[in-house]
Amino acid sequence: MPNYQHKFRSHQPTIYLSAISLSLILGIAHGLSDAAAGFLLGSLPRTMSLEQASWLIVLYNILGFGYQPFAGMLTDKFQRPRLAVLVGLFALLLALAIAPWHSQLAVILAGIGSAAFHVGGGALALTATAYRTTGPGIFAAPGAIGLALGIAGGLTGWQINLPIAILLGLMMAFLAIIDLSKYNICSHSPALSGNKSIENAELDDGVLLVLLSAIALISTVWTSFQFLLQIHLNLLIAIAFAAAIAKIFGGILAQRWGWRRYTIVSLTIAAFLLLFSKQNDLTLILGLALLQSSIPISLAATAKIMPRQPATASGLALGLAIILGGIPVMGGLSAIADIPAVSALMVVVSALLLWWVLRSKIMLTR
């Protein structure tokens, strides 16, 4: 009897992608996933009271960012980053479908889906580019654009949910058939020499804590300005595009010039520009863009501390640290970042913390 199952498998389409191409595809998926989430959140004030919408937005942030470390741990445990990506995109697609009938469930699905996608996509971008900053930069860049356009579409009532849903479905199909065998997490993680001592493990934890603190400070500045400028949609979209470009070039330049050198130069210039952010919009846009250009370095550095857990590292850098940085904003303290000296000082402190992390023994020996 012929082996039809084997025959079918031998004729399945196989698509091989280079590391940069894979990062770009994941980046596009990132933009779509954030556009879906942004559209859902932006639509809430049009369908319910502002108080109800605010609570659901808080719930989304808790799930979308706070759940990421747990989603990352599960992804690393089973070594299924592609599955995490597909589950995340499917949850966001389902959230868009049920949003007109059940907003609360849609927000929950969107939060869980966003968390799963970010850790899976982050892990694949990291391992594909061998823990360099180039892949994370390309992966992270479109997220801000998608979120800004999605929120704008939701607030203004644009009917973009169907196009986003169709594109999510097509992206899921494509990511399901591409060949990722050469981007196995274990084979691409930096080699570790022997078993680490308890002292080294404690040192890792200390460096990781400082790194996450730096990311949280950057998140506080970024989120504060996003909150303060929420009624200026055109400016927010301009900032999102500038931040996306800065992440891509930040990832490339950091790999060429050195992580420490790029971090200090870019964040010092960002702090200087934020000192004059009230004078014109261009200064603000460039300052925030340079601030976001450090994201690829932060993500790659977190993964270097946790070389066997890239999804968990993504969850900590793109999730936990971000929501911790957003707590002051949710607590009503966003106005402090509108004081130029305060926002500039926070960026300088972040730069010093990142500089200390990047010159630590852990970074130099891995």
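Residues numbered from 1 in each chain as written. Predicted model: local features only at pLDDT ≥ 70, side-chain atom pairs only at ≥ 80, totals over all residues. Heavy atoms only, no water.

(A) Broad picture of the overall build of the protein. Of the regular secondary structure elements, the protein holds 17 helices and two strands. Counting all 366 residues of the protein, 52% fall into the buried class. Within the protein, counting contacts between residues at least 6 apart in sequence, those at least 24 apart form 83% of the total. Of the accessible surface of the protein, which amounts to about 16700 Å², a share of 69% is contributed by carbon and sulfur atoms. (Helix = DSSP H or I, 4+ residues; strand = E, 2+ residues; numbered from the N terminus. Buried < 20%, exposed > 50% of the residue type's maximum accessible area, 1.4 Å probe, protein only. Contact = heavy atoms within 4.5 Å. Areas by Shrake-Rupley, 256 points an atom, 1.4 Å probe, with all protein chains shown as cover.)

(B) Representation of the side chain of Thr-134 within the structure. In this fold, Thr-134 is placed in helix 7 (residues 134–156). The class of Thr-134 is buried, set by a relative accessible area of 17%.

(C) Local environment of a nonpolar patch on the surface. Where nonpolar side chains cluster on the molecular surface, the patch consists of Leu-162, Ile-166, Leu-167 and Leu-170 and spans about 400 Å² of accessible area. Classification of Leu-162 by relative accessible area gives exposed; the value is 57%. (Patch = residues over 30% accessible without salt bridge, like charges linked within 9 Å, V, L, I, M, F, W, Y side chains within 5 Å. Salt bridge = Lys/Arg side-chain N within 4 Å of Asp/Glu carboxyl O.)

(D) A look at the environment of Val-347. Take Val-347: it is sitting in helix 16 (residues 340–358). Through-space distance from the C-alpha of Val-347 to that of Leu-274 is 9.0 Å; in sequence the pair is 73 residues apart. Those residues within four positions of Val-347 in sequence are excluded, and the remaining contacts are Val-221, Leu-267, Ala-270, Ala-271, Leu-274 and Leu-291.

(E) How the structure looks around the environment of His-232. Residue position: His-232 is located in the loop between helix 10 (198–228) and helix 11 (233–257). Along the sequence, His-232 and Ala-152 sit 80 residues apart, while their C-alpha atoms lie 9.9 Å from each other.

(F) Structural context of helix 2 (residues 19–47). Taking 1.5 Å per residue as the helical rise, helix 2 with its 29 residues ought to reach 42 Å, and the 42 Å between its terminal C-alpha atoms agrees with that figure. In terms of residue burial, helix 2 counts as a mostly covered element, since 22 of its 29 residues are buried. (Expected span 1.5 Å × (residues − 1).)

(G) Local environment of the packing of helix 12 (residues 259–275) against helix 13 (residues 281–292). Put simply, helix 12 and helix 13 touch, their axes get as near as 8 Å, and they point 155° apart. With respect to each other, helix 12 and helix 13 are oriented roughly antiparallel. In this structure, helix 12 crosses over helix 13, and the sense of that crossing is left-handed. Here Tyr-262, Ser-266, Leu-267, Ile-269, Ala-270, Leu-273 and Leu-274 of helix 12 lie close against helix 13, whose contacting residues are Thr-283, Leu-284, Leu-286, Gly-287, Leu-288, Leu-290 and Leu-291. (Axes fitted to C-alpha atoms, helices over the stretch in contact; angles between N-to-C directions. Parallel < 35°, antiparallel > 145°, perpendicular 65-115°, else oblique. Left-handed = near helix turned anticlockwise from the far one by under 90°.)

(H) Main features of unusual backbone geometry. Phi is positive for Ala-130, which is not a glycine, with a value near 55°. Residue Ala-130 is classed as partly exposed on the basis of its relative accessible area, which comes to 37%. The backbone of Tyr-131 sits at a positive phi, close to 65°, despite the residue not being glycine. Residue position: Tyr-131 is located in the loop between helix 6 (103–128) and helix 7.

(I) Broad picture of the packing of aromatic side chains. Scanning all chains against the criterion turns up three aromatic pairs. When the ring of Phe-117 is compared with that of Phe-139, the centres are 6.0 Å apart and the planes differ by 35°; the resulting orientation is tilted. Here Phe-117 is found in helix 6, whereas its partner Phe-139 is found in helix 7, with 22 residues between them in sequence. Like Phe-139, Phe-117 is buried. The side chain of Lys-304 reaches across the aromatic face of Trp-259, ending 5.2 Å from its centre. (Phe/Tyr/Trp six-rings, centres within 6.5 Å; stacked < 30°, edge-to-face > 60°. Lys NZ or Arg CZ within 6 Å of the ring centre and 35° of its normal.)

(J) Quick peek at the packing of helix 4 (residues 68–78) against helix 15 (residues 310–330). Running from amino to carboxyl end, helix 4 crosses helix 15 at an angle of 170°, the nearest separation of the two axes being 7 Å. Considering the angle they form, helix 4 stands roughly antiparallel to helix 15. Of helix 15, the residues touching helix 4 (which contributes Gln-68, Pro-69, Gly-72, Met-73, Thr-75 and Asp-76) are Pro-310, Ala-311, Thr-312, Ser-314, Gly-315, Leu-316, Leu-318, Gly-319 and Leu-320.

Limitation: the analysis is restricted to geometry and does not speak to function.
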